[in-house]
Amino acid sequence: MSDAETERRMLDTAKQMVEESGLTVSLEHIGLEDVIRDAGVSRSAVYRRWPYKDLFFSDLLKELARGSDPAISGSNREALAAVHRIILDRLDWLRVPERRVALIAEVARQGALREVETFHESPQWRTYLALHATFLSLPEGDLRDEVRSALAASESGVSARLAETYRRMAGLLGLRMRPESGASFTTLAGLANALVRGLVIMVPSTPEIITAGATANPFGAAEEAEWSQPGLGLGSLFSALIEPDPEVDFDDARIEEVRRALLAEERA
């Protein structure tokens, strides 16, 4: 086995261990000898590549940061499918401008709690959050700069993808950003990401964030429903920054276009 293959196997194996258990604020729960055993590589080759275990863990930290992404692909696909179902069940809401905002708030009501719960239970998400805490404790130098740069790139990618999803969905539903807010879809994506992340961080010490709810009608829906705290938070954000596009009207033909577009996305 070449030194390059040994390196790749060691880092891939250690990453898998972290993804299964989650990163704490350190890597102390990952044993180098355990990684060597699970990777099936030669100890001598490993210690030739990394004479000291701290060197291996520095490389592992950079590897985790380069591949970090708080989005979870499987749950994202499921969440998008759920959004489509919510809208498809309420296409008649599009006829009334104010109900369009209520529709996007309904998406938040049904989706925000599920999103917070999913991320709270995800080792990958815990690793992502711990990486942010870990790099702040690193001494100034190349390692800290590389981890910071990798995390910044990850943040930028997540915000860009989420902003594009919001932009596409708003255009489909006849919504736009409030011009007077000065905010963009990128702004909205960053704020939504921060809101969900903050709630996830708080859940272990404040579990009522996901267990407590209230029967209410805060955003103009036709009837009252059960609202969680994540739903209220995300619904408030959407309602504050998004409004009906005054140049868009929905007749039967346009509603049928929306229905077909959503069904096409589900099949893609």
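Read on for an overview of the structure. (Residues numbered from 1 in each chain as written. Predicted model: local features only at pLDDT ≥ 70, side-chain atom pairs only at ≥ 80, totals over all residues. Heavy atoms only, no water.)

1. Section: the overall build of the protein chain
At step 1: Looking only at helices and strands, one finds twelve helices and four strands in the protein chain.
At step 2: Taken along its principal axes, the extent of the C-alpha atoms in the protein chain is 70 × 40 × 30 Å.
At step 3: When the accessible area of the protein chain is evaluated, it comes to approximately 13700 Å², of which 52% is carbon and sulfur surface.
At step 4: In the protein chain, which carries 31 positive and 43 negative side-chain charges, the distance between the mean positions of the two groups comes to 3 Å. (Helix = DSSP H or I, 4+ residues; strand = E, 2+ residues; numbered from the N terminus. Areas by Shrake-Rupley, 256 points an atom, 1.4 Å probe, with all protein chains shown as cover. Lys, Arg positive; Asp, Glu negative; His and termini not counted. Charge placed at Lys NZ, Arg CZ, Asp CG, Glu CD.)

2. Quick look at helix 6 (residues 97-120)
At step 1: Across its 24 residues, helix 6 extends 35 Å between first and last C-alpha, which sits within 8% of the 34 Å expected from 1.5 Å per residue.
At step 2: At glycine 111, helix 6 shows its maximal kink, close to 35°. (Expected span 1.5 Å × (residues − 1). Bend = angle between axes of the 7 residues up to and from the residue.)

3. Here we look at helix 7 (residues 123-136)
At step 1: Here helix 7 is 14 residues long and its end C-alpha atoms lie 20 Å apart, about the 20 Å a rise of 1.5 Å per residue gives.
At step 2: Of the positions making up helix 7, those classed as buried are Pro123, Trp125, Thr127, Tyr128, Leu129, Ala130, Leu131, Thr134 and Phe135. (Buried < 20%, exposed > 50% of the residue type's maximum accessible area, 1.4 Å probe, protein only.)

4. A short note on the packing of helix 8 (residues 142-173) against helix 12 (residues 252-267)
The packing of two helices is summarised by the inter-axis angle and the distance between the axes.
At step 1: Close contact between helix 8 and helix 12 brings their axes to 10 Å; oriented N to C, the two are set at 150°. When the axis of helix 8 is compared with that of helix 12, the two are roughly antiparallel. Seen from helix 8, the contacting residues are Arg168, Met169, Gly171, Leu172 and Leu173; seen from helix 12, they are Arg254, Val258, Ala261, Leu262 and Glu265.
At step 2: Grouping the amino acids of the contact of helix 8 with helix 12 by side-chain chemistry returns six nonpolar, one polar and three charged. (Axes fitted to C-alpha atoms, helices over the stretch in contact; angles between N-to-C directions. Parallel < 35°, antiparallel > 145°, perpendicular 65-115°, else oblique. Contact = heavy atoms within 4.5 Å. Nonpolar A, V, L, I, M, F, W, Y, C, P; charged D, E, K, R; others polar.)

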